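Chains, contacts and geometry: an overview
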Amino acid sequence: MRRRSMAVLAAVPLIFAAACGSDGGAATGASSSASSAGGVTELQVTGQAGAKPTVAFPPKVVETSSYKVLTPGTTGEAAKPGASVIANFTVFTWDGKENKLAGSTYDEGGPQVITLNEQVPEILRKGFAETKGGGRFMSVVAKDALPAEQQAQAPPGQSQVFVVDVVGVPQEKAAKGTATDPGLDGVKVENPAGDAAPKLTTKTKKKAPKELVAKTVIQGTGPEVKSGQSILVQYAGKIWGSDVEFDSSWSRGAQPIMFQIGTGKVIKGWDQGLVGVPIGSRVLLSIPPDLGYGKEGSGEKIKGTDTLVFLVDVLGAY
C-alpha cells in the first residue's frame, strides 16, 4: 500500500509517527486569544478554520518559538499527550523575503493523523492541548524548538510557521461488534474483543483467488466511505500462502494511519475494496498482483506474483 506524501511535515526536521466540527465560521485573524507571546503576535492569518489559510508576514523574522489559539473549537475534547489527533497543516518558511509556502494538507488531499509524542515539538503540542475539533491555532517553530543536536544545522534568519486546523481526536482503536467468518478458504481470522489486535493467518496450500475479494468480518454502523475521503484505519498485511507479514499498523504500536481512498493514492485493491464500506467495519481483502504492486512487487518481501491479504479496520472518514 502506498501512502500519501507527508512532505508538508518536513518543513522542520521532525518525525511525526506516521468527528469534524465547526465553531460557527468566525474568520480567524479577527478576535483571538493569545496563548503565548512572541512571533505569532506579528503574523496575520486570514480565512476560516477548515480551509487553506493565508498569512501576512512582517519583514523582520522572529526566531523564537511561540503559539496562539485563533479559534478554540467546540467538537469533542482537545488531544491529550500521547494521543492521536487528526489535523490539517499549512506550513510556511518565514524568511522575511519570500515567505514561501512549504506545503499544505489541503493541497495533498486531506488531513493527517499525528501522534502527540516527544517527536512533536512542545510548542505544537501546547497548541493541540488547547484546541478542540473545528478549531485552529498557529505556531512559530524556530530553532529553539528543535533538539540541541539539530539547532546548529537549522538555517539562520528563518523560522517555520504552522497554521493547524484540528479536525478531531479519534476515539476508537479497533472495529467493534459481532464478528463473522469471512468465508475465504485458506485464510483464518481471530477477532478478540475490545481494542486488542485481530490475528490474521494466511498459511495455506490453497490457491489464491485470481480476482479481488472483499469480505466483511465486522459490519460497521457508520456512514459509508466515499471516494475522495481520507480514511483512518488499522490494518495488517500478509502474503497469501506464506503467512509472512509485510506491514501492520498493529505491530507499530497500534497507531492508526490515514490516507485518501478512491483516487489512486493507494493500491487499486484498497481503492476498489474499501469505498462504500460503513465506518466501524473490519474488512478482509485478498488482492491479486495486478491490483497490488504489479509485476515489480514491493521491497524485499513482496514479489510480483504475490497475492496480498489485508485485514482492515475502518475507524473514520473525513
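See the structure printed just above.
Notes on the structure in this doc start here. (Residues numbered from 1 in each chain as written. Predicted model: local features only at pLDDT ≥ 70, side-chain atom pairs only at ≥ 80, totals over all residues. Heavy atoms only, no water.)

What about the overall build of the protein?
- A tally of regular secondary structure across the protein gives four helices and 16 strands.
- Across the 318 residues in the protein, those meeting the buried criterion constitute 50%.
- Accessible surface, the protein as shown: approximately 14400 Å² in total, 50% of it carbon and sulfur. (Helix = DSSP H or I, 4+ residues; strand = E, 2+ residues; numbered from the N terminus. Buried < 20%, exposed > 50% of the residue type's maximum accessible area, 1.4 Å probe, protein only. Areas by Shrake-Rupley, 256 points an atom, 1.4 Å probe, with all protein chains shown as cover.)

A word on the pairing of strand β4 (residues 84-94)
- Most of β4 is tucked away, with 11 of its 11 residues classed as buried.
- What you see with β4 is no split at all: S84, I86, N88, T90, F92 and W94 on one side and V85, A87, F89, V91 and T93 on the other are buried throughout.
- One ladder, built from four bridges, connects β4 with strand β6 (residues 112-115); its direction is antiparallel. Across the sheet, V85 pairs through a bridge with I114, a residue of β6.
- For β4 and strand β8 (residues 159-168), the ladder comprises nine bridges, and the chain directions are antiparallel. Bridge assignment links V91 to a residue of β8, and that residue is F162.
- Sheet topology places β4 next to strand β5 (residues 101-104); three bridges connect them, and they run antiparallel. Of the residues in β5, the one forming a bridge with F92 is L101.
- Here β4 hands over to β5 after six residues, with G96 in that stretch at a positive phi of 80°. (Pairing = 2+ DSSP bridges.)

Points about helix α2 (residues 122-129)
- Among all positions in α2, only I123, L124, G127 and F128 are buried. End-on view of α2: buried residues confined to an arc of 140°, all on one side of the axis.
- Where α2 is buried, its residues contact β3 (66-71), β4, β7 (136-141) and β8. (Arc of directions from axis to C-beta. Contact = heavy atoms within 4.5 Å.)

Quick look at unusual backbone geometry
- Positive phi outside glycine occurs at D243, with the angle close to 65°.
- Along the chain, D243 turns up in the loop between β12 (230-239) and β13 (245-248).

A short note on the packing of aromatic side chains
- Tallied over the entire structure, the rule returns 10 aromatic pairs.
- For the ring pair F89 and F128, a centre distance of 6.3 Å and an interplane angle of 65° mean the geometry is edge-to-face. Here F89 is found in strand β4, whereas its partner F128 is found in helix α2, with 39 residues between them in sequence.
- The exposure class assigned to F89 is buried, which follows from its relative accessible area of 0%.
- Residue F128 is classed as buried on the basis of its relative accessible area, which comes to 1%. (Phe/Tyr/Trp six-rings, centres within 6.5 Å; stacked < 30°, edge-to-face > 60°.)

Section: the nonpolar core
- Counting 25 residues, the largest nonpolar core has W270, L274, F310 and V312 as its most contacted members.
- Residue assignment for this core shows that the elements contributing at least two residues are β12, β14 (257-260), α4 (268-274), β15 (282-287) and β16 (308-317).
- Broken down by element, the residue count for this core peaks at five residues, all from β16.
- Excluding anything up to four places from it in sequence, L274 contacts V225, I231, I261, V283, L285, V312 and V314.
- With 18 residues, the next largest nonpolar core counts A87, F89, F128 and V141 among its residues. (Core = buried A, V, L, I, M, F, W, Y, C linked by side-chain atoms within 4.5 Å.)

As for the environment of G280
- Relative to the helices and strands, G280 is located in the loop between α4 and β15.
- When the C-alpha atoms of G280 and A174 are compared, they prove to be 8.0 Å apart, with 106 residues separating the residues in sequence.
- Contacts of G280, omitting those with residues within four sequence positions, involve A175, K176, I218, G220 and V314.

Description of the side chain of S104
- Mapped onto the fold, S104 is located in strand β5.
- Among the polar contacts made by the side chain of S104, one reaches the side chain of T90 at a distance of 2.9 Å.
- Polar contacts involving the side chain of S104 include one to the main-chain amide nitrogen of Y106, which spans 3.1 Å. (Polar contact = N/O pair within 3.5 Å; in protein donor to acceptor, adjacent residues only side chain to side chain.)

A look at the pattern of salt bridges
- Applying the stated criterion across every chain, the model contains 11 salt bridges.
- Across the salt bridge formed by R136 and D165, the nearest N and O atoms sit 2.5 Å from each other. Of this pair, R136 sits in strand β7 while D165 sits in strand β8, and the two are 29 residues apart along the sequence.
- Measuring nitrogen to oxygen at the nearest pair gives 3.7 Å for the salt bridge that ties D306 to K303.
- You can call K303 exposed: its relative accessible area is 52%. (Salt bridge = Lys/Arg side-chain N within 4 Å of Asp/Glu carboxyl O.)

Here we look at the environment of F128
- Considering only alpha carbons, one finds F128 and V85, 43 residues apart in sequence, at a separation of 8.4 Å.
- Contact partners of F128, with chain neighbours within four places excluded, come to A78, A79, V85, A87, F89, L116, F137, V164 and V166.

That is the geometry; function is a separate question.
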